[in-house]
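Chains, contacts and geometry: an overview
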2 protein chains.
Amino acid sequence: MAKTAALPPLVHPAREEITVEGVLRALADPVRLAIVRQLAATDQEIACGGLTVPVTKSTLTHHLSILRQAGVVAGRQEGTTRFNSLRRNDLDALFPGLLDGVLAAPR
Amino acid sequence: MAKTAALPPLVHPAREEITVEGVLRALADPVRLAIVRQLAATDQEIACGGLTVPVTKSTLTHHLSILRQAGVVAGRQEGTTRFNSLRRNDLDALFPGLLDGVLAAPR
DNA sequence: GTCGTAGTTCGACGATCACCGTACTAAGCC
DNA sequence: GGCTTAGTACGGTGATCGTCGAACTACGAC
């Protein structure tokens, strides 16, 4: 049948749907924090394969899914590649200072 | 024998010992977030019994212990009463904006 | 002394979570 | 067509977590 629009269900919460607790929960994991730091450091999209994390692909997918559902990162599909970016605007608007405070941390 | 100094084992991490991840983990729970919000709202010490949370005393003790170990709250013993306060200075110094961002959240 | 109050400690239980390997789909290239 | 690469979906497992009740300690008042 109509074949296309193949991929992108890719659900993201609207800005109003993002909760502090969800964001905190998402950030409260070393792997996910590392992902967020990398996204924040480059300030541009990074494909899954471009992220440096000490877990397997399936676990990485899991973490990205959590970050996406929490509203921390956005995903954009292009071919077989999924580009991830930080939803800095939304987070700064909702919780001003939170992200910067986290990223300002010593490590 | 030497009778006193009865109280304060009560370990708190030094400011340098506080980690972002620990703080995020501590805040990533509805009950603990409620505790922090109450402490921030009154901006003064609150005894365990003065906190309004939907859990039993033993669970409350557990949550306060986690918050204390993470460096989010400080505990001061006085008689049988334990007074808890937010370590706002330390948190603001380490992660400027983090706490305010969390507290600024809609709910 | 006895009693009540404030809070902690100790299991224990159920739920959630992070992690993995395997199997799978989709796109691009030969 | 077949092959490879990018990433997801599906169990499954072991660990951690939030919760509770019961037993306990410490202080204060009577």
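Residues numbered from 1 in each chain as written. Chains lettered and ligands numbered in written order. Predicted model: local features only at pLDDT ≥ 70, side-chain atom pairs only at ≥ 80, totals over all residues. Heavy atoms only, no water.

**Description of the overall build of chain A**
The cut-off we apply is this: Helix and strand assignments come from DSSP, with helices taken as H or I runs of at least 4 residues and strands as E runs of at least 2, each series counted from the N terminus. Restricting the calculation to C-alpha atoms gives the radius of gyration, and the globule rule supplies 2.2 Å times the number of residues raised to the power 0.38. Burial status follows relative accessibility: with a 1.4 Å probe on protein chains alone, a residue under 20% of its type maximum counts as buried, one over 50% as exposed, and anything between as partly exposed. Calculation of accessible area relied on Shrake-Rupley with a 1.4 Å probe; when residues are assessed, cover is drawn exclusively from the protein chains displayed. We score Asp and Glu as negative and Lys and Arg as positive, and we do not count His or the chain ends. Note on charges: their place is set at NZ of Lys, CZ of Arg, CG of Asp or CD of Glu.
Tallying secondary structure elements over chain A gives five helices and three strands in all. For chain A, the succession of helices and strands along the chain, N to C, is α-α-β-α-β-β-α-α. Relative to the globule expectation of 13 Å for 107 residues, the C-alpha radius of gyration of chain A, 14 Å, shows essentially globular dimensions. When its C-alpha atoms are laid out on the principal axes, chain A stretches across 50 × 30 × 20 Å. For chain A, with 107 residues in total, the buried portion stands at 43%. Per element, the accessible surface of chain A, about 5800 Å² overall, is 54% carbon and sulfur. A distance of 8 Å separates the average location of the 12 positive side-chain charges in chain A from that of its 10 negative side-chain charges.

**Considerations on the relation of the copies chain A and chain B**
Rules: The atoms used to superpose the copies are C-alpha atoms, taken from residues with pLDDT of at least 70 in both, and the fit is least squares. Between two residues, a contact is recorded if the distance between any of their heavy atoms is within 4.5 Å.
Each copy of the sequence occupies a distinct position, and chain A is placed on chain B by a rotation of 180 degrees and an axial shift of 0.0 Å, giving an RMSD of 0.0 Å. The operation mapping one copy onto its partner corresponds to a two-fold rotation axis. The residues that chain A uses at the interface reappear at the interface of chain B in 100% of cases, marking a shared surface.

**Details of the sheet that holds strand β1 (residues 46-47) of chain A**
Residues and elements named next belong to chain A. Put simply, the rule is: Paired strands, in this sense, are two strands between which DSSP finds at least two bridges. The angle between two axes is taken between their N-to-C directions and runs from 0 to 180 degrees, where each axis is a line fitted to C-alpha atoms and a helix contributes only its stretch in contact.
Sheet architecture is open: three strands sit in the order β1-β3-β2, paired in antiparallel fashion. The sheet is open, and its two edges are formed by β1 and β2 (73-78), each paired on a single side. Contacts from helix α2 (residues 30-42) reach β1, β2 and β3 (81-86) within the one sheet, and its direction differs from that of β3 by about 80 degrees. Contacting β2 and β3, helix α3 (residues 57-70) crosses the sheet at an angle of about 115 degrees to β2.

**As for the protein's contact with DNA strand D**
Under the convention used in this document: A molecule or strand has a residue near it when one of that residue's heavy atoms lies within 4 Å. Two N or O atoms count as a polar contact when they lie within 3.5 Å, although within protein this holds only if one can serve as hydrogen donor and the other as acceptor, and sequence-adjacent residues are included solely when both atoms are side-chain atoms. Only Asp, Glu, Lys and Arg are considered charged, only Ala, Val, Leu, Ile, Met, Phe, Trp, Tyr, Cys and Pro nonpolar, and every remaining residue, Gly among them, polar.
Among the 23 residues in the neighbourhood of DNA strand D, the closest are listed as K57(A), T61(A), R82(A), R32(B) and H63(B). Near the protein, meaning within 4 Å, the atoms of DNA strand D are sugar or phosphate in a fraction of 64%, with bases accounting for the rest. Within the contact set of DNA strand D, a phosphate oxygen lies 3.1 Å away from a backbone nitrogen or oxygen of C48(A). Measuring from a sugar or linking oxygen of DNA strand D, one finds a side-chain N or O atom of T80(A) at 3.1 Å. At the level of elements, α3 and β3 of chain A together with α2 (30-42) and α3 (57-70) of chain B are the ones that each hand at least two residues to the surface near DNA strand D. In terms of residue count, the dominant contributor to the surface near DNA strand D is α3(B) (five residues). When grouped by side-chain class, the residues that make up the surface near DNA strand D number six nonpolar, 12 polar and five charged.

**A closer look at the confidence of the model for chain A**
What counts is decided by this rule: Note: pLDDT gives the predictor's confidence per residue, expressed from 0 to 100.
The pLDDT averaged across chain A works out to 91; a share of 91% of its residues lies at or above 70. Counted against residues more than four places away or in other chains, residues 1-7 of chain A, with its pLDDT under 50, gives one contact.

**Things to note about unusual backbone geometry**
Positive phi outside glycine occurs at D43(A), with the angle close to 55 degrees. What makes D43(A) exposed here is its relative accessible area of 60%.

**Points about the interface of chain A and chain B**
Short version of the rule: When two parts are put together, the accessible area they lose, computed with a 1.4 Å probe and summed over both, is reported as buried area. Within this document, salt bridges are pairs made up of a side-chain nitrogen of Lys or Arg and a carboxyl oxygen of Asp or Glu, the two lying within 4 Å of each other.
Contacts between the two partners involve 21 residues from chain A, matched on the other side by 21 residues from chain B. Here chain A and chain B share an interface that buries about 1500 Å² over both sides, 76% of which is from carbon and sulfur atoms. The interface formed by chain A and chain B holds zero salt bridges in total. Along the contact surface separating chain A from chain B lie two residue pairs in polar contact (both at pLDDT 80 or more). Elements supplying a minimum of two residues to the side of chain A that touches chain B: α1 (20-27), α2 and α5 (98-103) of chain A. Counting residues per element, the side of chain A that touches chain B draws most heavily on α1(A), at five residues.

**Some details on the sheet that holds strand β3 (residues 81-86) of chain B**
Residues and elements named next belong to chain B. Here we have three strands laid out as an open sheet, ordered β1-β3-β2, and antiparallel in their pairing. This sheet does not close on itself; its edge strands, each paired only once, are β1 (46-47) and β2 (73-78). With six bridges connecting them, β2 and β3 associate as antiparallel partners. Counterpart to A74 in the pairing with β3 is S85. Set on the sheet, α2 makes contact with β1, β2 and β3; between it and β3 the angle comes to about 80 degrees.

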